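A look at the structure
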2 protein chains.
Amino acid sequence: MIPKRCYCVFAADRPGLLRDLAACVAARGANIESINHVPGTETEMYLDVSGEDDPEQLHRDLQAVAGVDHVDVTESSASVFGKRVIVIGGGAQVAQVVLGAVSEADRHNLRGERISVDTIALVGETQIAAAVRAVGRLPRASILVLAGSLMGGEITKAVCHLREHNGIPVISLRMAGSVTEAADLVVSDPVQAGVMAVMAVADTAKFDIKRLKGKAF
Amino acid sequence: MIPKRCYCVFAADRPGLLRDLAACVAARGANIESINHVPGTETEMYLDVSGEDDPEQLHRDLQAVAGVDHVDVTESSASVFGKRVIVIGGGAQVAQVVLGAVSEADRHNLRGERISVDTIALVGETQIAAAVRAVGRLPRASILVLAGSLMGGEITKAVCHLREHNGIPVISLRMAGSVTEAADLVVSDPVQAGVMAVMAVADTAKFDIKRLKGKAF
């Protein structure tokens, strides 16, 4: 379920703070979808919560936890940043994929979508394979684009795992190496690959990546 | 503290699961820096943890929590994706800023840095101001670049809050509106703005944004 609200908890840091906040949320039958903890003299915890019946009551419950100074309620990160298109690979090609993806995301966001485009430029089979696997652990990651000239081996295994285990589709640029065999879609033009990635996750687009499975452009 | 490890917990979903996992981590004197919860018939919780003295013991403790099927330990998202440069604004300009930022991040990542570049293309004062405020709640957000032609009002207030409250520096393109007065640095060329944003957060670069405060290029 997509969390609508973020509960921003400002508190004196102490062991067990998160345990007690999590207990409050669980007691209301709600779920913490994601958390970011900013440590400091006064710690801050940002909890994206879904499924709470009575947000005002949960707000009061969280304020009553020992050590909590105050709690602000804002839009969740999921509402603000929406679905995430992730682009991984070499700098030159990542930059071209993002050019297409950001321009296309803009067009859909104008019509009510929320799609962000996130990137990391990396080199090396081990590093890229680790990043591909880590995409499955990122909040709201919706699709991955691999932007490079040669990818195979561990990267191909990571792509298979991401698709099968996490259900995240993968678009690969047409390139050397076995990764193109494991991808849902292979695209020659990096700008088009970025555009297609956004279209694949946008509810405002008519583009079904499953119908193009195994195709190359 | 930057978390090194991610504990990937696979468990039968039940109320209080996160509370009990958090209790384990707290009992070991460690901190959960961020969490992503992937719900399903078998729920998955990804916990980025810092400060654990004995990772193997924590691994065993988490495996012993009621309902937990198994726990995998991998690199944390912080290790894989590193510092985040966030770019917000209109599609055309966001794309140009990212072109510079990704190319520069590539150069630093080759020398051992980990810098990712994340974007969202948005229109409207309210929407952009909400996104600027939300940057303070994102894990590992290190710097913000505003890429547009006109920004002021609520966006300027959000920029002041992000800088003062969250300590996140802000680079603005030279543009109409009051936002340029609130930014740490104003840059005319979007590609250069992206490059400078990466240089400002890279330990591998000699670039101190504080020494350029209030300057425009």
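Conventions we followed
- Every residue gets a number counted from 1 within its own chain, in the order that chain's sequence is written.
- Chains carry letters and ligands carry numbers; both start at the beginning, A for chains and 1 for ligands, and go up in the order they are written.
- Reporting in this predicted model follows two pLDDT cut-offs: at least 70 for local features of residues, and 80 or more for side-chain atom pairs to be given and counted; totals over whole chains, interfaces and linings ignore these cut-offs and use all residues.
- Hydrogens are left out, water is left out, and the side-chain values use all remaining heavy atoms of the structure.
- To qualify as a helix, a DSSP run of H or I must reach at least 4 residues; to qualify as a strand, a run of E must reach at least 2; elements of each kind are numbered from the N terminus.
- Three labels apply to residues, based on accessible area from a 1.4 Å probe with only protein chains included: buried if under 20% of the type maximum, exposed if over 50%, partly exposed otherwise in between.
- Every residue pair with non-hydrogen atoms within 4.5 Å of one another is taken to be in contact.
- Only the protein chains shown count as covering a residue, and every accessible area follows the Shrake-Rupley method with a 1.4 Å probe.
- Residues scored as charged are limited to Lys and Arg (positive) and Asp and Glu (negative), so that His and the chain ends carry no count.
- To locate a charge, the coordinates of NZ of Lys, CZ of Arg, CG of Asp or CD of Glu are taken.
- In short, buried area is how much 1.4 Å probe accessible area vanishes from two parts on joining, totalled over both.
- Basic side-chain nitrogens of Lys or Arg form a salt bridge, by our definition, when they fall within 4 Å of a carboxyl oxygen of Asp or Glu.
- The definition of a polar contact used here is a pair of N or O atoms within 3.5 Å, where within protein one atom must be able to donate a hydrogen and the other to accept one, and adjacent residues in sequence count solely through side-chain atom pairs.
- When residues are grouped by polarity, Ala, Val, Leu, Ile, Met, Phe, Trp, Tyr, Cys and Pro land in nonpolar, Asp, Glu, Lys and Arg in charged, and all others, Gly among them, in polar.
- When DSSP finds two or more bridges between two strands, those strands count as paired.
- Superposition of the copies used a least-squares fit over C-alpha atoms from residues whose pLDDT is at least 70 in both.
- Under this scheme, a helix contributes an axis fitted over its contacting stretch, all axes are lines through C-alpha atoms, and angles between N-to-C directions fall in the 0 to 180 degree range.

Turning next to the overall build of chain A. For chain A, the count of helices and strands is 8 helices and 9 strands. For chain A, the spread of C-alpha atoms along the three principal axes comes to 55 × 40 × 25 Å. Burial status across chain A gives 57% buried among its 217 residues. Long-range pairs, those at least 24 residues apart, make up 72% of the contacts in chain A with a sequence separation of at least 6. Taken as a whole, chain A presents about 8,600 Å² of accessible surface, with 51% of it coming from carbon and sulfur. Considering chain A, the positive charge centre built from 22 side chains and the negative charge centre built from 26 side chains are found 8 Å apart.

What follows is about the interface of chain A and chain B. Contacts between chain A and chain B engage 60 residues on the former and 60 residues on the latter. Three residues stand out in chain A for area buried against chain B, namely Phe 81, Ile 120 and Arg 137 of chain A, and they jointly supply 14% of the buried area on that side. Between the two partners, chain A and chain B, sit 0 salt bridges. Linking chain A with chain B are 22 residue pairs in polar contact (both at pLDDT 80 or more). No other element matches the 10 residues that helix α4 (residues 91-109) of chain A contributes to the side of chain A that touches chain B. Of the residues contributing to the side of chain A that touches chain B, the split by class is 33 nonpolar, 18 polar and 9 charged. Both strand β6 (residues 115-121) of chain A and strand β6 (residues 115-121) of chain B contribute to a ladder of 5 bridges, which runs antiparallel.

Turning our attention to the relation of the copies chain A and chain B. Placing chain A over chain B gives an RMSD of 0.0 Å and needs a rotation angle of 180°, together with 0.0 Å of translation along the axis. Taken together, the rotation and translation relating the two chain copies correspond to the operation of a two-fold axis. Here 100% of the interface residues in chain A have copies in chain B that are interface residues too; the copies meet face to matching face.

Judged by pairing direction, the sheet is antiparallel, and its 8 strands sit side by side in the order β4(A)-β1(A)-β3(A)-β2(A)-β2(B)-β3(B)-β1(B)-β4(B) without closing on themselves. With partners counted over all chains shown, the strands left at the sheet margins are β4 (68-75) of chain A together with β4 (68-75) of chain B, one partner each. Adjacent strand axes in the sheet meet at a mean angle of 20°, parallel and antiparallel pairs treated alike.

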